[in-house]
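Tertiary structure, described
This is what each chain is made of:
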Amino acid sequence: MAKPSEADQLRETLQSLKLDCMADTVEALCEQAAKETWTYATFLTRLLSEELAAREHRRLAVTTKMAHLPFHKTLAQFDFAFQPSVDKRRIQELASLRFVASGSNVLFLGPPGVGKTHLAIGLGLKALEAGLSTYFVSVPELIDQISQDAQRGQLLKRMQQLCKPRVLILDEMGYLPLERPIATFLFQLVAKRYEKGAIILSSNKSFSEWGDLFTDQVLATALLDRLLHHCTLINIRGQSYRLKEKRQSGVFQPPPALEATAAEPS
Ligand code: ADP
Ligand code: MG
């Protein structure tokens, strides 16, 4: 065990080196090392591991905050039995993050409430854990941001921000029509990230409806061409999880449009 003055000095030295976790744990570890007759190497390894784990924890907290996820849901929390059209093995393969390394994309298509955003976030959390920068933005939110950026002359800055992360999650494509400047911006974004940065996109619209969504068939086709070239498509055909309990209790009778599969691969 370190003598009181030695222990104080050790703690202060570690604090001045900004090794706060080591400073907090060094005394207890010294005692444990003496009791269990650790070698110097074991002691040092244990001490450094504590610091490393604390730093990793802090890094993850910061990058997760920066990722701007709307809620925190993991892949482990996804009930695959409820949504049999989602093949668990395909999601597990995506969770290996090989698609990020190759700059491929993931598309979740399907009606509202079937877990598109949940799965996108689950993959985002996996990427963050692996130390890959991730950023989430919904397309309706992006539409607002882009129109403000256009007025302030800051579109280039926005483009750079969205090109930077290794994984970009574009959620809810299709809920709002895309006017020409937005459609052009999205096309440029997909073109710039093509084969370089992974995109995870969710949409309630089938590809055949994207022409109308973009109000320009040629632009929509050019965007889809790049998006789908290297892409895993997860087409979810099923019932809304949100309405599950309401449906079970008989409170809610969904309109046929919600029950139908909204998206099909073209
Ligand atoms: P979508 O993006 O397809 O509209 P969400 O991913 O937002 O749907 O899902 C709606 C809510 O239901 C979320 O709270 C999500 O966590 C939950 N949810 C959806 N599907 C499942 C599932 N299969 N297992 C567990 N939770 C689910
Ligand atoms: Mg969603």
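Notes on the structure follow. Please read these numbers as outputs of a predicted model, since none were measured by experiment. (Residues numbered from 1 in each chain as written. Chains lettered and ligands numbered in written order. Predicted model: local features only at pLDDT ≥ 70, side-chain atom pairs only at ≥ 80, totals over all residues. Heavy atoms only, no water.)

Glancing now at the site of ligand 1. Taken together, 14 residues form the shell around ligand 1, and within it Lys73, Asp79, Gly113, Thr117 and His118 come nearest. Here an oxygen atom of ligand 1 and a backbone polar atom of Gly113 are 2.7 Å apart. At 3.1 Å from an oxygen atom of ligand 1 is found a side-chain nitrogen or oxygen belonging to Arg242. Computed on the free molecule, ligand 1 has an accessible area of 560 Å², of which 90% lies beneath the protein chains in the complex. (Near = heavy atom within 4 Å. Polar contact = N/O pair within 3.5 Å; in protein donor to acceptor, adjacent residues only side chain to side chain. Areas by Shrake-Rupley, 256 points an atom, 1.4 Å probe, with all protein chains shown as cover.)

With that settled, the discussion passes to the pairing of strand E4 (residues 198–203). Counting buried positions along E4 gives six out of six residues, so the element sits mostly inside the fold. Burial along E4 is two-sided: the residues Ala198, Ile200 and Ser202 and Ile199, Leu201 and Ser203 are all buried. Bridging between strand E1 (residues 105–109) and E4 involves four bridges; their strand directions are parallel. Residue pairing for E4: Phe108 is matched across the bridge by Ser202. Bridge count between strand E3 (residues 167–173) and E4: five bridges; the pairing is parallel. Considered in E4, the bridge of Leu168 is made with Ile199. (Buried < 20%, exposed > 50% of the residue type's maximum accessible area, 1.4 Å probe, protein only. Helix = DSSP H or I, 4+ residues; strand = E, 2+ residues; numbered from the N terminus. Pairing = 2+ DSSP bridges.)

The subject of this paragraph is the side chain of Thr134. For Thr134, the position within the fold is in strand E2 (residues 134–138). Only 3.1 Å separates the side chain of Thr134 from the backbone oxygen of Leu132, close enough to count as a polar contact. Not counting chain neighbours up to four residues away, the residues in contact with Thr134 comprise Met66, Ala67, Gly124, Ala127, Leu128, Pro165, Val167 and Ile169. (Contact = heavy atoms within 4.5 Å.)

So, on to the pairing of E3. Judged by how many residues are buried, E3 sits mostly within the fold: six of seven residues are covered. In this structure, E2 lies alongside E3, joined through five bridges in parallel fashion. Residue pairing in the sheet places Phe136 in a bridge with Ile169 of E3. With helix H9 (residues 180–193) bridging E3 and the parallel E4, this β-α-β connection has right-handed handedness. (Right-handed = clockwise from strand over helix to strand, strands pointing away.)

Within the element layout of this structure, Gln145 appears in helix H7 (residues 139–152). Apart from the residues within four sequence positions on either side, Gln145 is in contact with Val137 and Arg158.

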